[in-house]
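Each chain is listed here by its residues.
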Amino acid sequence: MLVLTHTGCLVMIECISDSGPVVLSLKGRLDSTTSELLETQLRTLYAEGHRCFILACAELNYLNSAGLRVLMAVRKTLAQHTPSGGIHLAEARSHVRDVVQLSGLDGLFPLHASLAEARAAAGGTI
Amino acid sequence: MWKNIAPLVHWFLLAAGAGLINTGGFLACRRFVSHVTGFATMHGIDLAEGNWAGAVSMAFVPLYFLLGCMFSAWVVDRRIQRGLNPLYSLPLGTIVVLLVFVAVAGGRGLFGVFGEYDLKANHLLLALLCLACGIQNAVVSTATGLILRSTHLTGTTTDLGTGLVRCLWMPKNSPERRLEGRFNWMRAGQIAAFILGASIGAYVFPNWHYLAFALPAGLALVSAVLIWLRHR
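Not measured: the values here are computed from a predicted model.

Definitions and limits used
Residues numbered from 1 in each chain as written. Chains lettered and ligands numbered in written order. Predicted model: local features only at pLDDT ≥ 70, side-chain atom pairs only at ≥ 80, totals over all residues. Helix = DSSP H or I, 4+ residues; strand = E, 2+ residues; numbered from the N terminus. Rg over C-alpha atoms; globule rule 2.2 N^0.38 Å. Buried ≥ 20, exposed ≤ 12 C-beta atoms within 10 Å, placed from the backbone. Contact = placed C-beta atoms within 7 Å. Axes fitted to C-alpha atoms, helices over the stretch in contact; angles between N-to-C directions. Parallel < 35°, antiparallel > 145°, perpendicular 65-115°, else oblique. Left-handed = near helix turned anticlockwise from the far one by under 90°. Nonpolar A, V, L, I, M, F, W, Y, C, P; charged D, E, K, R; others polar. Core = buried A, V, L, I, M, F, W, Y, C linked by C-beta atoms within 7 Å. Arc of directions from axis to C-beta.

(A) Seen up close, the overall build of chain B. Helices and strands together make up the secondary structure of chain B, namely 8 helices and 0 strands. Order of helices (α) and strands (β) in chain B, N terminus to C terminus: α-α-α-α-α-α-α-α. Expected size for 232 residues packed as a compact globule is a radius of gyration near 17 Å; at 18 Å, chain B falls within 12% of this value. Principal-axis analysis of the C-alpha atoms gives chain B an extent of 55 × 40 × 40 Å. Buried residues in chain B amount to 47% of all 232 residues.

Written as structure tokens, this is what we have:
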């Protein structure tokens, strides 16, 4: 298990699994102030060869358009080089799901009720 | 198609309600309601003209908008930060109560004659309407991740202008452009809903006077029910 933690006053990003799809646990707020941390983390993992990510959002309290833009930017990189790569969102709370659905992005970033469901959809092992 | 529109309906209803409230407030006492900049401007003008009572009134009214935002933050944002589900229906229900009170109390003469500015009576009216708008704006801003606002259009128009230029330079058919395009449609939809509400208000308030505030109360109630159905 790879454990990388970015701790700021507003967001914590913890990489809790790098076997199969990488699972990143997000805690706090993903907005214009903090989304750069996530982008850096995802791009670092991408440079290491990872192509599929699951964002565990059970403790993500807030997501706004800046956070969504970062996800879009990373997904674009993934799609350019690996069509099968992608970003899945798991265990998102209702207001986070709302923002994703409001933006019409639930097609690009599939929402899953559980990590197991996300892993299955992402093609990893449960 | 409906799947794309469904998450937006209640926010657009609230924007239309905000248009109604602003029209009603303006026709009732010749003051814009959810316009903190305007109140600050009026405060400055009243100060310069030595209208001390008016200056104090204009300085205090925006505080009710602030109080409304704080109330929303307490029951929505604070709960989210504590890992609890936000209570959208509570602030929206409060808006319904406030607007119904305005409709009934206005009908009984608490705010003076509809259409005539009376500082003392209209101060209370503006305070209640500002409180309702502050509550609503904070709920919508928090719930939509700042993609939408509700009771005023300056921020939305700024975002729309920026978003339109972004769309111009983004590659055609790119996901980023589609996302920005959707944001722009949402912003334009919110502006259109507000204008529609304001236009309807221009017809109903001159006839129904204060009772017409029951209309935005009804829209807030429908929105609260729709949001409750989505989150139950």
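Here the narrative resumes, following the displayed structure.
(B) Highlighting the overall build of chain A. Each helix and strand in chain A was counted, giving 4 helices and 6 strands. Ordered by position from N to C terminus, the α and β elements of chain A give β-β-β-α-β-α-β-α-β-α. Looking at chain A alone, contacts between residues at least 24 apart form 60% of all its contacts between residues at least 6 apart.

(C) The packing of helix α6 (residues 154–169) of chain B against helix α7 (residues 175–208) of chain B, seen in detail. Residues and elements named next belong to chain B. Contact geometry for α6 and α7: axes closest at 9 Å, N-to-C directions at 150°. Compared by their axis directions, α6 and α7 come out roughly antiparallel. Viewed along their axes, α6 and α7 form a crossing whose handedness is left-handed. Residues T156, T157, D159, L160, G163, L164, R166 and C167 of α6 form the contact with α7, whose participating residues are R177, E180, G181, F183, N184, R187, A188, Q190 and I191. Looking at side-chain class alone, the contact of α6 with α7 contains 6 nonpolar, 6 polar and 5 charged residues.

(D) Summary view of the nonpolar core. Of all hydrophobic cores here, the largest spans 98 residues; its most connected members are L55(A), L99(B), L129(B), A132(B) and A220(B). Looking at which element gives the most residues to this core, the answer is helix α5 (residues 119–143) of chain B, with 13 residues. If we skip the residues at most four places from it in the chain, L99(B) touches A132(B), F213(B), P216(B), A217(B) and A220(B).

(E) Up close: helix α4 (residues 115–122) of chain A. Residues and elements named next belong to chain A. Among the residues making up α4, those that are buried are L115, A118, R119 and A122. End-on view of α4: buried residues confined to an arc of 100°, all on one side of the axis. Buried residues along α4 sit against β3 (22–30), β4 (52–63), β5 (86–90) and β6 (111–112). One or two residues past the end of α4 sits G123, with phi positive at roughly 90°.

(F) Region of interest: the interface of chain B and chain A. At the interface, 19 residues of chain B touch 20 residues of chain A. Where the side of chain B that touches chain A is concerned, the elements lending two or more residues are α1 (2–29), α3 (52–81) and α7 of chain B. A total of 5 residues in the side of chain B that touches chain A trace back to one element, the largest contributor, which is α7(B).

(G) Structural detail: the packing of helix α1 (residues 35–47) of chain A against helix α2 (residues 65–81) of chain A. All names here are of chain A. Two numbers describe how α1 lies on α2: the axes approach to 9 Å, and their chain directions differ by 15°. Judged by the angle between their axes, α1 and α2 are roughly parallel. The two elements α1 and α2 cross, and the hand of that crossing is right-handed. Where α1 approaches α2, its residues S35, L38, E39, L42, R43 and Y46 are matched on the opposing element by A66, G67, V70, A73, V74 and T77. In terms of residue class, the contact of α1 with α2 is made up of 7 nonpolar, 3 polar and 2 charged.

Read these as spatial facts, not as claims about activity.
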